[in-house]
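# A structural walkthrough
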Amino acid sequence: MDSTRPTEATAADLDAFAGLDLLPDPTLVIDQDLCVVAANQACERLIRADVAEWIGRVPLELVHPDDLPIVLSSFTTISEKDYGTPIEVRIKDGDGTWRLMELVGATHPRGDGHIVVISMRDLTQRRQWELAAGSPELFRTVVEHATVLLALIDADGRIDSASGTWNRQLGHDLSYIVGSNIVDWVADGGRHVFAVDLAGAVAQPHTSVFEAALVHTDGRVIPYQFSVANLLDDPVVQGLIVSASDISARRALEVRLTHMATTDALTGLANRSALVDALVRRLGVPTALPESLVVYFVDLDRFKPVNDLHGHDTGDVVLSVLADRLRFVARDHDVIARLGGDQFVLVCDEVPNPAAAARVASRIESAIAEPIVVGTSTVQVFASVGYADGTAATSAEGLLAEADAAMYRVKQRRRGREMPTTLRVAQRRDLADDLARAVETDPAAAGLRMYYQPVVGLPDGQVVGAEALVRWQHRDLGLLGPHDFLAIAEDAGLDLALGRWILRTAIAEASTWAARLEIAVNLSAAQLADGSIVDMVFDALDREGLTPDRLCVEVTETTMLEGAGRGSLLPAVATLERFKAAGVRAAIDDFGTGYSSLVHVRELPADVLKIDRSFVSGMHTDAIDHGIVAAVVALAHAAGMTVVAEGVETDAQHDALAALGADLAQGYRYGRPIPASEFRRLWGGVPLRAAG
Ligand code: C2E
Ligand code: CA
Ligand code: CA
């Protein structure tokens, strides 16, 4: 992931920006997206508010709407030179009064882009003096050439006099205008509000500003901004001075700017700032069910090769197609955003339960993985999807970071995983037949075996248990691992029968160990959903004379959630609860590779948490992996769970895990999976110290 986004202030910057406070003039620093990076205390005095709220935002609302074009155009040219030409712009102060400010910008390169330091000087006072020194003739010329509608009205809205612009801009004859009530020229639907605004202007001694639409003789409705100065108390005027300027152009510009500022140009999806706004809004609505708000972080895998091999145009088409697919997966009021590059975010609310949340994640993955035809080529990209719900964080950025971290864990797992079996189709078919014969007659005679891998305590390395791992000594193909035949067993509907054999065999073999070692057995999703499994396990424990606390069942985090989706009674969870009630322990296997957010650890019905080996193997080279392991250990302990680290291969990993307080470990450093007879010979007697 790109950790050096040019818009993010570094610690060094923050130090540098601290010096801004010494400057007497309001000064702020913006990045190339116009987002404020820093602002000094003089800015706070000007706007009389906390400038911290500006950081990361584009505070264009403080610029007078008519001055926006000059600000934007000078901003585009300043990026090409070091210093911009000073511009005079109206800026709204803390009182809501427009002040005339001179803005000078200076550009500095930063990361891939640049920042602009803008200092502002207040010219208001000086201009007022200049004006006071001017002549009445000058003033009349100004009025004549003004582009605004001017009128003098009384407290009831009757027009005493009006400028020629009323005729030029609205087509009405001045003789109709003068003597009429100003409210009559307001477009249908706006008169009541206008009357209220006008009454407000009469009631207070300053200038009131509001908007209303007026009707042209040709029927056009034109938006105006009204500024009404209350001079009822002025002995000369004794009325209200109305000036109204046509804001159609500004409106159009606003619409375009908002669109530009909130939309990803390529896909038309929301951009990052619109996403954060939407999240802030949703988090701001207090809800009894924060978990029903789910943020999905979608990161594409293998997108770069598409760009490299097929060109950027194809890459752009692919991104647009994927955006449409996300729109299809999402519901109407969900927010879909592209964070630039190949990352997308989906915000869903009213997600009923964790199972539904997991289903959306897998729907996103499948939608993305569909091949895409572009011209004559077909490309396929994949997505790593992680998610977090409203309980994970209270801030928009925090929630995004949680979902991002969950996505990262999913990606890690992908990297660490073996590729799917390379057996050819024909071989797979033969294997399915062989397996059916084996499972239905005598599995052991057909070569099915249980291997056992020691599980040791930390830091001493003493063997405390074993995990049962299935193998198949195939007469033609040699020793097959679970990845070679478990999926085939499932496809052939043999998985339940095979699973029963595995459980019985593991329980029987563990009962021959003299030492009180714990035996861990892996369960599939189908097994967990099978109502008879609990009774079957207790029969086996009874028959072999093994107490329930010697058995631990391992279930992956994803299985737990998928199983939960199959029926309203959450069978996977219910099965685990029944095991637990009877004293059998439950472990979450491959933890960190599933979708769930770390904060949900405590809600999973398990006593043991096994940290996936991809994190353990990355601990020394990747600070994030180290951090994840530390966080998982802490969270698991807080939830009263035992932590097992998987895939420990080196002394360094052993030491690091022991230092983090992991309870147990498993991996080649202590011993590989070995046949039952060998395991009993090595570890199945009196507990021994692990070698190494
Ligand atoms: P798992 O439950 O995560 O099992 C641990 C896997 O990691 C085993 O692979 C083990 O041989 C391997 N391993 C252990 N220590 C190390 C190490 O230090 N480095 C490395 N690189 N690998 C290590 P295996 O036996 O191939 O099993 C793969 C997966 O197949 C298991 O992952 C489990 O999900 C599944 N599986 C294995 N046996 C059974 C079974 O009897 N029933 C079911 N349902 N699934 C099984
Ligand atoms: Ca396991
Ligand atoms: Ca595992």
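In this report, we go over the structure that sits alongside the text. (Residues numbered from 1 in each chain as written. Chains lettered and ligands numbered in written order. Predicted model: local features only at pLDDT ≥ 70, side-chain atom pairs only at ≥ 80, totals over all residues. Heavy atoms only, no water.)

## Points about the nonpolar core
- Core analysis: the largest hydrophobic core is formed by 78 residues, its most contacted members being Leu448, Tyr452, Ile519, Leu551 and Leu657.
- Contacts of Leu448, omitting those with residues within four sequence positions, involve Leu435, Ala438, Val439, Pro443, Val470, Arg471, Trp472, Phe485, Leu498 and Trp501.
- The next biggest cluster of nonpolar side chains, apart from the first, holds 34 residues, and it includes Ala323, Ala330, Ala358 and Val385. (Core = buried A, V, L, I, M, F, W, Y, C linked by side-chain atoms within 4.5 Å. Buried < 20%, exposed > 50% of the residue type's maximum accessible area, 1.4 Å probe, protein only. Contact = heavy atoms within 4.5 Å.)

## Some points on the coordination of the calcium ion (ligand 3)
- Around the calcium ion (ligand 3), the protein supplies Asp589 (OD), Asp590 (OD), Glu646 (OE) and Glu646 (OE) as donor atoms, at distances of 2.1 to 2.4 Å.
- For the calcium ion (ligand 3), the donor residues sit on a single chain with the sequence spacing D-D-x55-E.
- Separation of the calcium ion (ligand 3) from the calcium ion (ligand 2) amounts to 4.0 Å, with Asp589 serving as a shared donor to the pair. Both residues of the pair, Asp589 and Asp590, belong to the buried class. (Donors = N, O, S within 2.8 Å, 3.2 Å for Na, K, Ca; no water.)

## Some points on the sheet that holds strand β16 (residues 382-389)
- Strand order in this open sheet of 4 strands is β12-β13-β11-β16, and the pairing throughout is antiparallel. The outermost strands of the open sheet, each flanked by one partner alone, are β12 (335-338) and β16. When the angles between neighbouring strand axes are averaged without regard to direction, this sheet yields 20 degrees.
- Examined bridge by bridge, strand β11 (residues 294-301) and β16 share 8 bridges and lie antiparallel to one another. In the strand pairing of β16, Val298 is matched with Val385.
- Along the sheet, helix α13 (residues 354-369) makes contact with β11, β13 (343-348) and β16, crossing β16 at roughly 160 degrees. (Pairing = 2+ DSSP bridges. Helix = DSSP H or I, 4+ residues; strand = E, 2+ residues; numbered from the N terminus. Axes fitted to C-alpha atoms, helices over the stretch in contact; angles between N-to-C directions.)

## Looking at the coordination of the calcium ion (ligand 2)
- Taken together, the protein donors to the calcium ion (ligand 2) comprise Glu467 (OE), Asn522 (OD1), Glu554 (OE) and Asp589 (OD), at separations of 2.1 to 2.3 Å.
- In terms of primary sequence, the donors binding the calcium ion (ligand 2) are separated according to E-x54-N-x31-E-x34-D.
- Residue classification places Asn522 among the partly exposed residues on the basis of a relative accessible area of 28%.

## Focus: the site of ligand 1
- Around ligand 1 sit 22 residues, and of these Gln453, Arg471, Asp589, Glu649 and Tyr668 come closest.
- In this structure, an oxygen atom belonging to ligand 1 sits 3.1 Å away from a side-chain N or O atom of Asn522.
- Summarising the interface, the protein chains cover 84% of the accessible area of ligand 1, which totals 790 Å² for the free molecule.
- Within the residue set of the shell around ligand 1, elements represented by two or more residues are β17 (448-457), β18 (463-474), α16 (482-491) and β22 (585-591).
- At 4 residues, β18 tops the list of elements feeding residues into the shell around ligand 1.
- Broken down by class, the residue content of the shell around ligand 1 amounts to 9 nonpolar, 6 polar and 7 charged. (Near = heavy atom within 4 Å. Polar contact = N/O pair within 3.5 Å; in protein donor to acceptor, adjacent residues only side chain to side chain. Areas by Shrake-Rupley, 256 points an atom, 1.4 Å probe, with all protein chains shown as cover. Nonpolar A, V, L, I, M, F, W, Y, C, P; charged D, E, K, R; others polar.)

## Remarks on the pairing of β22
- Most of β22 is tucked away, with 6 of its 7 residues classed as buried.
- Of the strand pairs in this sheet, strand β21 (residues 551-556) and β22 are connected by 5 bridges, and their pairing is parallel. Each residue of the ladder has a partner; that of Glu554, found in β22, is Ala587.

## Topic: the packing of aromatic side chains
- Inspection of the entire model under this criterion finds 9 aromatic pairs.
- Centroid distance Phe194 to Phe226: 5.1 Å. Interplanar angle 75 degrees. Geometry classified as edge-to-face. Remark: Phe226 occurs in strand β9 (residues 221-231) and Phe194 occurs in helix α8 (residues 191-203); sequence separation between them is 32 residues.
- Relative accessible area serves as the criterion here: at 2%, Phe194 is assigned to the buried category.
- Each ring, one from Trp472 and one from Phe485, has its centre 5.6 Å from the other, and the planes form 75 degrees; the classification is edge-to-face. Here Trp472 is found in strand β18, whereas its partner Phe485 is found in helix α16, with 13 residues between them in sequence. For the pair Trp472 and Phe485, one class covers both residues: buried.
- The structure contains a cluster of three or more aromatic residues connected by ring pairs, namely Phe194, Phe210 and Phe226.
- One residue, Arg471, lies across the ring of Tyr451, its end atom 5.5 Å from the ring centre.
- The lysine or arginine in question, Arg672, covers the ring of Tyr668, its NZ or CZ lying 3.8 Å from the ring centre. (Phe/Tyr/Trp six-rings, centres within 6.5 Å; stacked < 30°, edge-to-face > 60°. Lys NZ or Arg CZ within 6 Å of the ring centre and 35° of its normal.)

## Focus: helix α25 (residues 676-683)
- The complete set of buried residues in α25 reads Ala676, Phe679 and Trp683. Axial view of α25: buried residues confined to an arc of 65 degrees, hence all on one face. Facing away from the buried side of α25 by over 90 degrees, the exposed positions are Ser677 and Arg681.
- Elements in contact with the buried residues of α25: β17, β18, α17 (495-510) and β26 (674-675). (Arc of directions from axis to C-beta.)

## Some points on empty space enclosed by the protein
- Throughout the structure, instances matching the rule amount to 2 cavities of 30 Å³ or more.
- By volume, the largest cavity amounts to about 380 Å³.
- Around the largest cavity sit 23 residues that line it, and Leu28, Ile30, Val71, Leu103 and Ile118 are the ones nearest its centre.
- Counting only elements with at least two residues in the lining of the largest cavity, the list comes to β1 (27-31), α3 (68-78), β3 (87-92), β4 (98-110) and β5 (113-122).
- No other element matches α3, which puts 4 residues into the lining of the largest cavity.
- Of the residues in the lining of the largest cavity, the class split is 19 nonpolar, 4 polar and no charged.
- If you go around the second largest cavity, the residues you meet are Leu496, Gly499, Arg500, Leu503, Gln527, Asp530, Ser532, Ile533 and Met536.
- Taken together, the elements giving at least two residues each to the lining of the second largest cavity come down to α17 and α19 (533-544).
- In terms of residue count, the dominant contributor to the lining of the second largest cavity is α17 (4 residues).
- Here the lining of the second largest cavity is composed, by residue class, of 4 nonpolar, 3 polar and 2 charged. (1 Å grid on protein atoms, 1.4 Å probe; cavity = no way out; pocket = protein on both sides within 12 Å on 5 of 7 lines; lining within 4 Å. Points joined across faces, edges and corners; volume = space filled by probe spheres on them.)

## Some details on the sheet that holds β9
- Taken in spatial order, the 5 strands make up an open sheet running β7-β6-β10-β9-β8, and their pairing is antiparallel. Of all strands in the sheet, those with a lone pairing partner are β7 (159-162) and β8 (207-215), marking the two edges. On average, adjacent strands in this sheet sit at an angle of 25 degrees to one another, irrespective of strand direction.
- As judged from the 5 bridges shared by strand β6 (residues 149-153) and strand β10 (residues 239-246), these two strands associate in the antiparallel manner. Paired with Leu150 across the bridge in β10 is Ser243.
- Lying on the sheet, α8 is in contact with β6, β8, β9 and β10; it crosses β8 at an angle near 155 degrees.
- Strands in contact with helix α9 (residues 248-262) are β8, β9 and β10; relative to β9, the strand with the most contacts, it is inclined by about 115 degrees.

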